[in-house]
Amino acid sequence: MIERPRRLRQSPVIRAMVAETRLHPSQLVLPVFVAEGAHEPRPITSMPGVVQHTLTSIVDQAHRAVEAGLAGIMVFGVPETKDARGSGATEPGGILNVALREVRDKVGDDLLVMADTCLDEFTDHGHCGVLDAQGRVDNDATLAVYAQLAVAQARAGAHVVGPSGMMDGQVGVIRAALDAAGFEEVVVLAYAAKYASAFYGPFREAVQSSLRGDRRTYQQDPANIREALREIDLDVAQGADLVMVKPAMSYLDVVAAAAERTTVPVAAYQVSGEYAMIEAAAAQGWIDRERAARESLLSIRRAGAQVILTYYALDAAEWLG
Ligand code: PBG
């Protein structure tokens, strides 16, 4: 007798019935950029369809996210001026904090307002932390700034803070600072396993990054997975509510291992370069944009991610419609 797995693939109805994994807009988060001083949304060349928003257009985008039933938006700020300490990140009048306040004001609790809790968009050297006299990223001096940053973002209305700088001890320091300031309810989405990746290329254009060199002294080596599990354990022990793996597609083994290991929900970030690759190939007519994007998102879910940050979030909600 021939075993016939194909029997369960013979029609759309039976395929849907046995589908093990599904995508739903409620599990998707849209990353968005807001630029200080912008009067018009500005296209980002390497990310077709993605823009740097104005303070007005980011609110419109947040309303679209609500209508699409997305979980949230992750907001990144693009300041007009930068300094060594990244002061624009912590100041209440800094572009990211202003945008968070504006969006939270308009959407209330209909959408999770998430903040990138990092300094790289705001520092003139482009690193995720402050530097010591030798020009190295100073871990503990950075932690003190992150504590202020997370509280400033919570004060501005963020439901969720997303520490993405890969400093040792950042989750614990941020949790303690939030609690001390009365923000026990603010959620920490820890970028627990964030790799030093070439796939962040287009993002650096999106935020007009000043970085020269790389982030290999704080972001992880793509060669390692045990190290990722260690980072995840540390972040969970320090109070992370969710842990994130980033990028997604080249690190699905890490997503799967994270889901296996922890009891907190696992998120994955389909980063700018992953988006740009699909867009570029689709623009050439070499792959089908919708099918490729959906397959990539489904794969990330199958690997074990509960939540996906993706520039396709609004498109996906429409496709799933
Ligand atoms: C750091 C940060 C980066 C991304 C998200 N948060 C850039 C970096 O680590 O260099 C990249 C996201 C993407 O590529 O889509 N604040």
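This text follows the structure it describes.
Bear in mind the structure is a predicted one, so any value in this text is a computation, not a measurement. (Residues numbered from 1 in each chain as written. Predicted model: local features only at pLDDT ≥ 70, side-chain atom pairs only at ≥ 80, totals over all residues. Heavy atoms only, no water.)

## Digging into the pairing of strand 7 (residues 187-194)
Reasoning step 1: Most of strand 7 sits out of view: 7 of its 8 residues are buried.
Reasoning step 2: Sheet analysis places strand 6 (residues 160-163) next to strand 7, joined by 2 bridges and oriented parallel. Bridge pairing in strand 7 places Val161 opposite Val188.
Reasoning step 3: Between the parallel pair strand 6 and strand 7, the chain is carried across by helix 6 (residues 170-180), and the sense of this crossover is right-handed.
Reasoning step 4: Alignment of strand 7 against strand 8 (residues 242-246), held across 5 bridges, turns out to be parallel. Its bridge partner being in strand 8, Tyr191 is matched across the sheet by Met244. (Buried < 20%, exposed > 50% of the residue type's maximum accessible area, 1.4 Å probe, protein only. Helix = DSSP H or I, 4+ residues; strand = E, 2+ residues; numbered from the N terminus. Pairing = 2+ DSSP bridges. Right-handed = clockwise from strand over helix to strand, strands pointing away.)

## Let's talk about the site of the ligand
Reasoning step 1: Contacts to the ligand come from 17 residues, most closely from Asp120, Arg204, Lys246, Ser272 and Tyr311.
Reasoning step 2: At 2.8 Å from an oxygen atom of the ligand is found a side-chain nitrogen or oxygen belonging to Gln219.
Reasoning step 3: For the ligand, the protein covers 100% of the area, taking 400 Å² as the surface of the free molecule.
Reasoning step 4: Here the residues of the shell around the ligand are counted per class, giving 7 nonpolar, 3 polar and 7 charged. (Near = heavy atom within 4 Å. Polar contact = N/O pair within 3.5 Å; in protein donor to acceptor, adjacent residues only side chain to side chain. Areas by Shrake-Rupley, 256 points an atom, 1.4 Å probe, with all protein chains shown as cover. Nonpolar A, V, L, I, M, F, W, Y, C, P; charged D, E, K, R; others polar.)

## Remarks on the pattern of salt bridges
Reasoning step 1: One pass over the full model with this rule turns up 11 salt bridges.
Reasoning step 2: Where Arg216 meets Asp214, a salt bridge forms, and the shortest distance between an N and an O atom there is 3.6 Å.
Reasoning step 3: Residue Arg216 is classed as exposed on the basis of its relative accessible area of 65%.
Reasoning step 4: Here Asp214 falls in the partly exposed class, since its relative accessible area comes to 38%.
Reasoning step 5: The partner of Asp315 in a salt bridge is Arg289, with the nearest N and O atoms 3.5 Å apart. Taken as a pair, Asp315 in helix 12 (residues 313-320) and Arg289 in helix 11 (residues 289-303) lie far apart in primary sequence, 26 residues in all.
Reasoning step 6: Each member of the salt-bridge network shares a partner with another, and the members are Arg175, Asp179 and Asp241. (Salt bridge = Lys/Arg side-chain N within 4 Å of Asp/Glu carboxyl O.)

## Quick look at the environment of Ala292
Reasoning step 1: Note on placement: Ala292 falls in helix 11.
Reasoning step 2: Separated by 273 residues in the primary sequence, Ala292 and Ala19 place their C-alpha atoms 18 Å from one another.

## Observations concerning the side chain of His125
Reasoning step 1: Among the structural elements, His125 can be located in the loop between strand 5 (112-117) and helix 5 (139-156).
Reasoning step 2: On the accessibility criterion, His125 (17% relative accessible area) is buried.
Reasoning step 3: Ignoring sequence-local partners within four residues, the contact set of His125 consists of Ala84, Leu131, Ser210, Leu211 and Arg212. (Contact = heavy atoms within 4.5 Å.)

## A word on helix 10 (residues 272-283)
Note: α-helices contain 3.6 residues per turn, so residues at a spacing of three or four share the same orientation.
Reasoning step 1: Taking 1.5 Å per residue, 12 residues should reach 16 Å; helix 10 reaches 16 Å between its end C-alpha atoms and fits that length.
Reasoning step 2: Across the 12 residues that make up helix 10, a large majority, 9, are buried.
Reasoning step 3: In this structure, the buried residues of helix 10 make contact with helix 7 (201-206), strand 9 (266-270) and helix 11.
Reasoning step 4: Gly285 sits one or two residues past helix 10 and shows a positive phi near 80 degrees. (Expected span 1.5 Å × (residues − 1).)

## With respect to the packing of aromatic side chains
Reasoning step 1: Counted according to the given criterion, the structure contains 10 aromatic pairs.
Reasoning step 2: The interplanar angle of 20 degrees and the centroid separation of 4.2 Å between the aromatic rings of Tyr195 and Tyr251 together place this pair among those described as stacked. Remark: Tyr251 occurs in the loop between strand 8 and helix 9 (252-261) and Tyr195 occurs in the loop between strand 7 and helix 7; sequence separation between them is 56 residues.
Reasoning step 3: Judged by relative accessible area, Tyr251 falls into the buried class, the value being 7%.
Reasoning step 4: Taken together, the ring pairs in this structure connect Phe33, Phe76, Tyr191, Phe203, Tyr269, Tyr275, Tyr311, Tyr312 and Trp319 into an aromatic cluster.
Reasoning step 5: Above the plane of the ring of Tyr200 lies Lys194, whose end atom (NZ or CZ) is 5.6 Å from the centre.
Reasoning step 6: Between the NZ or CZ atom of Lys246 and the centre of the ring of Tyr200, over which it lies, the distance is 4.9 Å. (Phe/Tyr/Trp six-rings, centres within 6.5 Å; stacked < 30°, edge-to-face > 60°. Lys NZ or Arg CZ within 6 Å of the ring centre and 35° of its normal.)

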